[in-house]
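Chain by chain, the residues run as shown.
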Amino acid sequence: MSNSVPILDIKNLSVEFRTRSGVVKALENVSLEVFRGEIVGIVGESGSGKSVSALTAMGILDPAGHVTAGSISLGGLDVLGASEAVLQTMRGQQASMIFQSPRTALNPIRTVGNQIGDVLHRHNMADRQHLREMVIRTLKTVRIPDPERRFDAYPFELSGGMCQRIMIAMALACSPELLIADEPTTGLDVTTQAAIMDLIRDLSRERNMATVLITHDLSMAADYCDKIIVMHAGHVVESGSSHDLFTSPRHPYTAKLMKATPNGGGSLDDIASIHGGLPDLRGLLPPCRFSGRCERHEAICDSGPLDAKEVSPNHFVNCQRPL
Amino acid sequence: MKRNDKLRIIFGRLTQAIPSIIGIIIVTFILTRALPGDPAVYFAGPAATEKSIQEIRTSLGLDKSMLEQFWIYASNLASGDLGVSVSTGLSVKEELIRRLPASLELTFLALLFSIGVALPLGIAAATRPNSWVDQLCRIVVTAGVSLPVFFTGLFMVYLFYYILGIAPAPLGRLDIIYLSPPSVTGFYTIDALLDGDIETFGAALSQMILPAITLGIFTLAPLARMTRGAMLQVLSSDFIRTARASGLKRSTVLYTYAFRNALLPILTTLGMVFSFMLGSNVLVEKVFAWPGIGSFAIEALIVSDYAAVQGFVLAMAILYVLLNLTIDIIYTLVDPRVGLES
Ligand SMILES: Nc1ncnc2c1ncn2[C@@H]1O[C@H](COP(=O)(O)OP(=O)(O)OP(=O)(O)O)[C@@H](O)[C@H]1O
Ligand SMILES: [Mg+2]
């Protein structure tokens, strides 16, 4: 198998935001790998650093954000060392990202066809004469009915689900190796959610892409992901196959998440009441950022830096006292 | 089908303007009558007797009832007659036709200058917050609002005409050694070009530069501030992140995506700024002896020259309506969403 080299390989990544109210340690020592053909879910409460990880991987972190340690390799490209010009050609061509609230994620005063066309043209996938044709072909791949007519539509003329399909079409227009979907279905109704998720899964299987799915929704992660990474307050606390994680969670936080959402289903939004909230990411933080909320907390937890332990093959836990 | 929709919207705006113009005609009529001072007394002079004042009043039609006066005014207006200015003795229409282009030409050049400086400055400041360009933008904005027009005007005359001697004397639209070009548009620069007279064109332009910059500096501030603010806001929106995540070039992101969206609030400000300019013309016209519509209006106002004041206000009102219409049209062209809510 060609699975030996990950498409996305983040190693020991730390990111800080310098804000007026202090330095926010948004990510610390985050590592993750995504291989071709697999769908990897990143789950965690709001503010746990999921989006920051994705944006850093794409090289489009907010200027206030600084990478203080670590490395990112994307399709062999050193993202943190590459020039902006190189990163620009990488984006959209080797790696694409789709976002939540697709309606605002599209330019409101440009037709959707032209927006997809811009991306195709940028990456030299089509010359001006064949652009329209190419865009329509792209629209067909995301199962948009009547693509010829949709080409000239503006985002406000389309439903949220339709806009998300446009976003997916745009992201996949240049056949990237990596697709990052950051809460792609938030704000859509349930049936549309399923349709969009099915579409993403089918396309990533068809094209043998590496796919990252960021979500609040545990049941969605269980349904669609091969591997799951659980994040908490800027740390990866546990990672492993969906099956392992759901049947035998080893980190107390993961276990809590599972328990708080019966049958491993439901959304993290409803369970923000796990004892306490996320710690303040400014200032001094304990080695284990979950310690303040953890019932198993003991002196050893504060003793030294945390390292990922492989508790079973490909199942990693960042905890001194795993379950 | 879409094109037709837009035409319909534009036509709708046009018809909406008619009632406002009628309203303006009525209001100016009443307001001019409410001005302090009696034109008959003024024109009769200090040595006038009660009888001669009365005669003048009758000859001006001021002895009739308000309603009658309005009827006469309105029916004259309908036939394109704006009356005669009692202070200059010329028909108001003629005065306006001569003076309006002078003011407009100046205002347009000032606007061009203002846009040419404020937009690039605002965009540069927004793309590099807290850099030196941003600081420069801040300084310009502060200076622009705090320096009074007459001061910048006088200062520039002093510096560029008196000290450096590189600007022509601030004495109107054209140095007396030149003949004004044959009138087509009333804009000297354009008329001179149409006439193929480059020399006069240059002379007319050089007369305009100082007053246009003076006027432009005044409007630089709101325009630069709005450009910066609108660009900052658009640049932080979701679709810009999408554009960047798709690898679009910086220039595409900045102009095709960000600037076109920022254009909408900028346009609104542009309309306001233009109105400002027409209003603040008076001071600039005084400093540069510009034979424009502003100085005409002030003089007419002082002597309660009803016909002239009414003509001026009407001309301004129509200008505003046209201006707003133009902005509306550009809006509908830039923003596909316009017209759907209304
Ligand atoms: N531009 C920024 N400036 C300052 N802090 C930031 C910025 N962006 C993110 N952060 C901080 O980084 C942390 C992680 O944010 P991130 O957006 O990655 O969370 P998330 O897991 O994606 O949450 P959500 O589920 O709400 O999207 C948060 O504490 C947030 O406050
Ligand atoms: Mg997020």
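Predicted, not measured: the structure shown is a model, and the values here were computed from it. (Residues numbered from 1 in each chain as written. Chains lettered and ligands numbered in written order. Predicted model: local features only at pLDDT ≥ 70, side-chain atom pairs only at ≥ 80, totals over all residues. Heavy atoms only, no water.)

**Considering the overall build of chain B**
Turning to step 1, where the next piece is worked out: A count of helices and strands for chain B gives 13 helices and 0 strands.
Turning to step 2, where the next piece is worked out: In sequence order, chain B lays out its α and β elements as α-α-α-α-α-α-α-α-α-α-α-α-α.
Turning to step 3, where the next piece is worked out: In terms of principal-axis extent, the alpha carbons of chain B reach across some 85 × 55 × 40 Å.
Turning to step 4, where the next piece is worked out: Taking all 342 residues of chain B together, the buried fraction comes to 44%.
Turning to step 5, where the next piece is worked out: The long-range share in chain B, meaning contacts at least 24 apart out of those at least 6 apart in sequence, stands at 73%.
Turning to step 6, where the next piece is worked out: Of the roughly 17500 Å² of accessible surface on chain B, a fraction of 69% belongs to carbon and sulfur atoms.
Turning to step 7, where the next piece is worked out: Once the 24 positive and 23 negative side-chain charges of chain B are each reduced to a mean point, those two points are 16 Å apart. (Helix = DSSP H or I, 4+ residues; strand = E, 2+ residues; numbered from the N terminus. Buried < 20%, exposed > 50% of the residue type's maximum accessible area, 1.4 Å probe, protein only. Contact = heavy atoms within 4.5 Å. Areas by Shrake-Rupley, 256 points an atom, 1.4 Å probe, with all protein chains shown as cover. Lys, Arg positive; Asp, Glu negative; His and termini not counted. Charge placed at Lys NZ, Arg CZ, Asp CG, Glu CD.)

**Thoughts on the UniProt feature "transmembrane region" (unreviewed entry) in chain B**
Residue and element names in this part refer to chain B.
Turning to step 1, where the next piece is worked out: Listed under "transmembrane region" (unreviewed entry) in the UniProt record, and renumbered for this structure, are residues 12–31, 104–127, 139–164, 200–223, 254–276, 288–306 and 313–334.
Turning to step 2, where the next piece is worked out: For residues 254–276, the end-to-end C-alpha separation is 29 Å, with 100% helix and 0% strand making up the annotated structure.
Turning to step 3, where the next piece is worked out: With 58% helix and 0% strand, residues 288–306 has its two end C-alpha atoms placed 26 Å apart. (UniProt positions renumbered as here; feature names shortened; annotations may be inferred.)

**Looking at the environment of proline 176 of chain A**
All names here are of chain A.
Turning to step 1, where the next piece is worked out: Along the chain, proline 176 falls in the loop between α6 (160–172) and β7 (178–182).
Turning to step 2, where the next piece is worked out: With 113 residues separating them along the chain, proline 176 and proline 63 place their C-alpha atoms 25 Å apart.
Turning to step 3, where the next piece is worked out: If near-sequence neighbours (up to four positions away) are discounted, proline 176 is found in contact with Gln93, Gln94, Ala95, Ser96, Ala171 and Met209.

**Some points on unusual backbone geometry**
Residues and elements named next belong to chain A.
Turning to step 1, where the next piece is worked out: Non-glycine residue asparagine 208 carries a positive phi angle of around 55 degrees.
Turning to step 2, where the next piece is worked out: By the secondary structure assignment, asparagine 208 is in the loop between α7 (190–206) and β8 (210–215).
Turning to step 3, where the next piece is worked out: For asparagine 208, a relative accessible area of 37% translates into the label partly exposed.
Turning to step 4, where the next piece is worked out: For asparagine 314, which is not a glycine, the phi torsion comes out positive at approximately 60 degrees.
Turning to step 5, where the next piece is worked out: Following the sequence through the fold, asparagine 314 ends up in the loop between β11 (309–312) and β12 (315–317).

**Describing the site of ligand 1**
Residues and elements named next belong to chain A.
Turning to step 1, where the next piece is worked out: Close contacts around ligand 1 come from 15 residues, with Ser46, Gly47, Lys50, Ser51 and His216 the closest.
Turning to step 2, where the next piece is worked out: Within the contact set of ligand 1, an oxygen atom lies 2.4 Å away from a side-chain nitrogen or oxygen of serine 46.
Turning to step 3, where the next piece is worked out: Interatomic distance of 2.9 Å between a backbone N/O atom of valine 52 and an oxygen atom of ligand 1.
Turning to step 4, where the next piece is worked out: Breaking the shell around ligand 1 down by element, the ones donating at least two residues are β1 (8–19) and α1 (50–58). (Near = heavy atom within 4 Å. Polar contact = N/O pair within 3.5 Å; in protein donor to acceptor, adjacent residues only side chain to side chain.)

**Observations regarding the nonpolar core**
Turning to step 1, where the next piece is worked out: Grouped together as the largest cluster of nonpolar side chains are 174 residues, with contacts concentrated most on Leu8, Ile116, Ile168 and Leu178 of chain A.
Turning to step 2, where the next piece is worked out: If we skip the residues at most four places from it in the chain, isoleucine 116 of chain A touches Val135, Thr138, Leu139, Ile166, Ala169, Met170 and Ala173 of chain A. (Core = buried A, V, L, I, M, F, W, Y, C linked by side-chain atoms within 4.5 Å.)

**Observations regarding the environment of serine 51 of chain A**
Turning to step 1, where the next piece is worked out: Along the polypeptide, serine 51 of chain A turns up in helix α1.
Turning to step 2, where the next piece is worked out: Taking relative accessible area as the criterion, serine 51 of chain A reaches 30% and is therefore assigned partly exposed.

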